[in-house]
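# Working through the structure, step by step
Now for the letters of each chain:
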There are 2 protein chains.
Amino acid sequence: VAVPEGSDFPLENLPYGVADDGHVVVAIGDHALDLAALAAVDAYDGDGDGPDVPGDVWTSGSLNAFMGLGPDAWAATRRRITGVLTGAPEPAALRPRHGLRLRLPFEVADYVDFYASQHHAANMGRILRPDSPSLPPAWRHLPIGYHGRSASIVVSGEAIPRPRGLVPGDDGVPRRIPTRRLDVEVEVGFVVGVGSTRGTTIATGAAHDHVFGAVLVNDWSARDVQAFEYVPLGPFLGKSFATSISPWVVPLAALAPYWVAGPVQDPEPARYLASPEPRSLDLHLELALNGQVVSRTNARELYWSMHQQLAHCTANGAPSRTGDLFASGAVSGADPGSFGSLMELTWGGRRPLTLPDGTTRTFLADGDTATISGWCGGGGRPRVGFGSVAGTITPAPVYERTSTPETGVEVRSYPPDQTGGE
Amino acid sequence: VAVPEGSDFPLENLPYGVADDGHVVVAIGDHALDLAALAAVDAYDGDGDGPDVPGDVWTSGSLNAFMGLGPDAWAATRRRITGVLTGAPEPAALRPRHGLRLRLPFEVADYVDFYASQHHAANMGRILRPDSPSLPPAWRHLPIGYHGRSASIVVSGEAIPRPRGLVPGDDGVPRRIPTRRLDVEVEVGFVVGVGSTRGTTIATGAAHDHVFGAVLVNDWSARDVQAFEYVPLGPFLGKSFATSISPWVVPLAALAPYWVAGPVQDPEPARYLASPEPRSLDLHLELALNGQVVSRTNARELYWSMHQQLAHCTANGAPSRTGDLFASGAVSGADPGSFGSLMELTWGGRRPLTLPDGTTRTFLADGDTATISGWCGGGGRPRVGFGSVAGTITPAPVYERTSTPETGVEVRSYPPDQTGGE
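These remarks concern the structure in this document. Given the structure is predicted, the values throughout are model-derived calculations rather than measurements. (Residues numbered from 1 in each chain as written. Chains lettered and ligands numbered in written order. Predicted model: local features only at pLDDT ≥ 70, side-chain atom pairs only at ≥ 80, totals over all residues. Heavy atoms only, no water.)

## Here's the deal with the pattern of salt bridges
Under the convention used in this document: Take a side-chain nitrogen of Lys or Arg and a carboxyl oxygen of Asp or Glu: if they are within 4 Å of each other, that pair is a salt bridge. Runs of H or I in DSSP of at least four residues are treated as helices and runs of E of at least two as strands, each being numbered from the N terminus. Exposure classes here rest on a 1.4 Å probe applied to the protein chains alone. A residue is buried below 20% of its type maximum, exposed above 50%, and partly exposed in between.
With the rule as written, the count across this model stands at 34 salt bridges over all chains. Put simply, Asp34 of chain A and Arg95 of chain A hold a salt bridge, and the shortest N to O gap is 2.9 Å. A residue pair is termed long-range when its members are at least 10 positions apart, and Asp34 of chain A in strand E3 (residues 31–34) and Arg95 of chain A in strand E4 (residues 94–96) qualify at 61 residues. Overall, the relative accessible area of 22% leaves Arg95 of chain A in the partly exposed class. A salt bridge links Arg175 of chain B to Asp171 of chain B, with the shortest nitrogen-to-oxygen separation between them at 2.8 Å. Classification of Arg175 of chain B as partly exposed rests on a relative accessible area of 32%. Taken together, the shared-partner salt bridges in this structure form one network comprising Asp183, Glu185, Asp219, Arg223 and Lys239 of chain A.

## Some remarks on the pairing of strand E24 (residues 369–378) of chain A
Residue and element names in this part refer to chain A. What counts is decided by this rule: A pair of strands is labelled paired if DSSP reports no fewer than 2 bridges between them.
Burial analysis of E24 places seven of its ten residues in the buried class, which makes it a mostly covered element. Pairing between strand E19 (residues 283–289) and E24: seven bridges, direction antiparallel. Paired with Glu286 across the two strands is Ser373, which belongs to E24. Examined bridge by bridge, E24 and strand E25 (residues 381–394) share eight bridges and lie antiparallel to one another. Bridged to Thr371 within E25 is Ala390. Linkage of E24 to E25, two consecutive antiparallel strands, is achieved through a turn of two residues, within which Gly379 is found at a positive phi near 60°.

## Looking at the environment of Ser373 of chain B
All names here are of chain B. Structurally, the position occupied by Ser373 is in strand E24 (residues 369–378). Take Ser373: its relative accessible area is 21%, and that puts it in the partly exposed class. Here the alpha-carbon distance between Ser373 and Val186, two residues 187 residues apart in the chain, equals 9.2 Å.

## Focus: empty space enclosed by the protein
One simple way to see leftover space: roll a probe sized like a water molecule over the atoms. Which entries qualify depends on this criterion: The pocket and cavity definitions rest on a 1 Å grid over protein atoms only: a 1.4 Å probe that fits but cannot leave marks a cavity, an open set with protein on both sides within 12 Å along at least five of seven lines marks a pocket, and residues lining either have an atom within 4 Å of a point. Grid points are joined across faces, edges and corners, and a volume is the space filled by probe spheres set on the points. The classification used treats Ala, Val, Leu, Ile, Met, Phe, Trp, Tyr, Cys and Pro as nonpolar, Asp, Glu, Lys and Arg as charged, and all other residues, Gly among them, as polar.
Across all of its chains, the model carries twelve cavities of 30 Å³ or more by this definition. The volume enclosed by the largest cavity comes to roughly 210 Å³. Around the largest cavity sit 19 residues that line it, and Tyr115, Met124, Arg223 and Gln226 of chain A together with Leu233 of chain B are the ones nearest its centre. Put simply, the parts of the chain that give the lining of the largest cavity at least two residues each are strand E5 (111–114), helix H4 (118–128) and helix H6 (223–229) of chain A. Residue classes in the lining of the largest cavity are distributed as eleven nonpolar, three polar and five charged.

## Topic: the sheet that holds E3 of chain A
Residue and element names in this part refer to chain A. Stated formally: Throughout, an axis means a line fitted to C-alpha atoms (over the contacting stretch in the case of helices), and angles, computed between N-to-C directions, take values from 0 to 180 degrees. Any two residues whose heavy atoms approach within 4.5 Å are treated as being in contact.
Strands sit in the order E1-E2-E3-E4 across an open sheet of four strands; the sheet is antiparallel. Single-partner strands in this sheet number two, and they are strand E1 (16–18) and E4. Across the sheet, the axes of successive neighbouring strands diverge by a mean angle of 40°, strand direction being ignored. Examined bridge by bridge, strand E2 (residues 24–28) and E3 share four bridges and lie antiparallel to one another. Considered in E3, the bridge of Val25 is made with Asp34. Relative to the sheet, helix H3 (residues 71–86) contacts E1, E2, E3 and E4, its axis offset from that of E1 by approximately 90°.

## Quick look at the environment of Pro232 of chain B
With respect to the element layout, Pro232 of chain B can be found in the loop between helix H6 (223–229) and strand E15 (243–245). According to the relative accessible area criterion, Pro232 of chain B is buried, its value standing at 7%. Residue contacts for Pro232 of chain B: discarding those within four places in its chain leaves Tyr115, Arg129, Pro136, Ile144, Tyr230 and Gly234 of chain A.

## Regarding the nonpolar core
The condition that has to hold: Residues belong to a common nonpolar core when they are buried Ala, Val, Leu, Ile, Met, Phe, Trp, Tyr or Cys residues joined through side-chain atoms within 4.5 Å.
Counting residues in hydrophobic clusters, the biggest one holds 162 residues, and the most contacted among them are Phe190 and Leu255 of chain A together with Phe190 and Leu255 of chain B. Leave out the neighbours within four places in its chain, and Leu255 of chain B touches Ala214, Val250, Leu281, Cys376, Val384 and Phe386 of chain B.

## Notes on the interface of chain B and chain A
What counts, and what does not: What counts as buried area is the accessible surface, traced by a 1.4 Å probe, that two parts surrender upon association, with contributions from both included.
With 78 residues of chain B in contact, the opposing surface of chain A contributes 78 residues. Regarding the contact of chain B and chain A, the summed buried area is about 6,800 Å², with carbon and sulfur atoms giving 58% of it. A per-residue breakdown of the area chain B buries against chain A is headed by Arg149, Arg198 and Leu233 of chain B, which together make up 12% of the total. At the junction of chain B and chain A, the tally comes to four salt bridges. Of the charged contacts in the structure, one is a salt bridge between Arg198 of chain B and Glu158 of chain A, with a shortest N-O distance of 3.5 Å.

## Re the sheet that holds strand E3 (residues 31–34) of chain B
Residue and element names in this part refer to chain B. Strand order in the open sheet made by the four strands is E1-E2-E3-E4, with antiparallel pairing throughout. Edge positions in the open sheet fall to strand E1 (16–18) and strand E4 (94–96), since each of these has one partner strand only. Each neighbouring strand pair of the sheet contributes to a mean axis angle of 40°, computed without reference to strand direction. Across the sheet, helix H3 (residues 71–86) touches E1, strand E2 (24–28), E3 and E4, and the angle it forms with E1 is around 90°.

## Quick notes on the relation of the copies chain B and chain A
Short version of the rule: The fit set for superposing copies consists of C-alpha atoms from residues with pLDDT of at least 70 in both; the fit itself is least squares.
Mapping chain B onto chain A leaves a residual RMSD of 0.0 Å; the transformation is a rotation of 180° accompanied by 0.0 Å of translation along its axis. Both copies are brought into coincidence by an operation consistent with a two-fold rotation axis. Considering only C-alpha atoms, the part of chain B nearest the rotation axis is Gly234 of chain B, at 2.1 Å. An overlap of 100% is found between the interface residues of chain B and their copies at the interface of chain A, pointing to a shared contact surface.

## Looking at H3 of chain A
Each α-helix turn comprises 3.6 residues. Residues three or four places apart therefore point the same way. Selection rule: Helices are assigned an expected span. That span is 1.5 Å times one less than the residue count.
Compared with the 22 Å implied by 1.5 Å per residue over 16 residues, the 22 Å span of H3 of chain A between its first and last C-alpha is a close match. Among all positions in H3 of chain A, only Ala73, Trp74, Ala76, Thr77, Arg78, Arg80, Ile81, Val84 and Leu85 of chain A are buried.

Structure (structure tokens):
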């Protein structure tokens, strides 16, 4: 199978997705290999090279069944796919990626969002809490995180309606308005394949036996809503309206060559957070607004690693499950051009960005498309790309006060010109 | 079917549970009616009295399939069960409740825990943040809440291993130790039957079309772990190790006679939080340690109602799903004998409780059993009881540093006498 120069999806990558017919597919260059069709046509399962994968895994509509089979099945499947793609003849199960519609690739069990970038956490502290130390007291001791809303995770391409929320006006009175500070967070997320039972922990050194792969994440945020609500229990409606992920899950096996030493951790973390090295993923990340790049950063900047995040999540004996998603929080570098949110790029909205097309932005406008791209390698090494995660902001919904008998959902009316005062 | 005097489960109640064989059962007095057996023996589905319920709903191992059918199916099923239990002969599908093992009654989709009791929130503020106003700035304007870990929700009776977590020592250095401040929270939780799609909202007045029923909740909390980690993203490992719920889900239909006027809300909430009245559930709650009652409170004390919690949760267009659990947060009254947590009952651990057996407690000791009971009515009105949710604290696990090939879970060794310093 020919792979165009510079493709995100060479033979070294082989990320998994789910097509709109529920079939599991693997990206290769400009094509996608349909594993369901492959299994049907060439007795894919029965070659003795590793554990068998039941055929219905490939038509189940999500990656969860496959991810739950564990590292031996993942490795065997990767070997088989590589064999099919490098052998002759070209497999009949290939279809063009152009026009292929991809679903949310897995059913999300629990979703945890961390705050793992030191530059991001310190920037947010300086912007929001200028009279306090820039990092929260516990920040260097543990990877701070919170649980997000699993139901709100959507695949790249889904529209993002501007959410409404309670925001204090100039008179101090909170009113329900469409957010005026709609932001992105450029993140990388890891997906659990093999979970752990309640009462057990996952050591940092065992993370690779549990984590199936990685995706790009855009943790959309309504900063004004979040600012009003978050004390003392953390973000809620300011985050829960939508989180977008990329449709291709890049397996850890493809990322193996790209781990690098992480930032020095000082003070030395508690023993349960001691991590194998290298622990940081050298993953280039780019944020574009309407196709114009506004930030270039790298996941290697993250202070707390994938291994440490997963170990922390389970350090109290909390169970993990197939489909758990744990995301990094916004990835920011030291340089202003490498910040992972508009909050930081515009320093709390005080320094508007001027885009190459001459328009300016503090936060997202209706109609804006935010796109995060990511890739490892390049520059002479194989490019293992994540593709992208994109979303377009649509105007805040105008609800009508009606009740549909089928769902019982009563929705309320907002005349389009009356966006305040609810 | 004879129902003993004072039973939690008279004909007016008919709560649903799931037996260990996966069958849906309904409690009646000292018995449980097996709906799977009932459907099989008397063509339960086909009487034309409301929507048919597919028979496999009753053997599906959870209430989700039934809850997702919606209010008409819930009402028709309730009529049928009432008919069977009041008719002759006594149905063959009855089994004694004694010895019946019950599963987690539903698969939890997203779990949100609120902070809806004014007395609880103010007490926590006074204890933990004595130099700040007792209520957080937004508290009277919206029901503050956060997402918890769905995977950690367990049914009454499951053991609660004492979790470990990072806690600063007297020298200020955080060490991973078994929590020393293991607490309960006496809560009521509501379960979503019919969800809502992303971009729509559920009005307060429509809550009854979406909520299937209610359970008792014990939101176990490690206060020392929580205190260190919670700024600025809220509770995480201090809560995520376990949350227990009662095995019987009391349907809203059974609770209908017990709604009462709620506390006056001042300032008047935003319009989307305006609630139909009566909005508060007159639900008596009791907390017992090792069988000795230490607190008596009532869910009618809650400032923010079920309707307001659900409306708030979806006010930004966040979707909801069958199996969503939203809990109240600890229910505390004004009187010290009506506080819903040990944190409040012992005022931050500074005033130990003396139990009737002469022992004292600040927080939970290994071996302690905490039991929350709840009921509506009594005193001449039908008693619609929730049964109870109980859990026994077991010592912090002693992990060994081993790796099991099957799961890849590496766990670490703590000599039993060396509980500090990880």
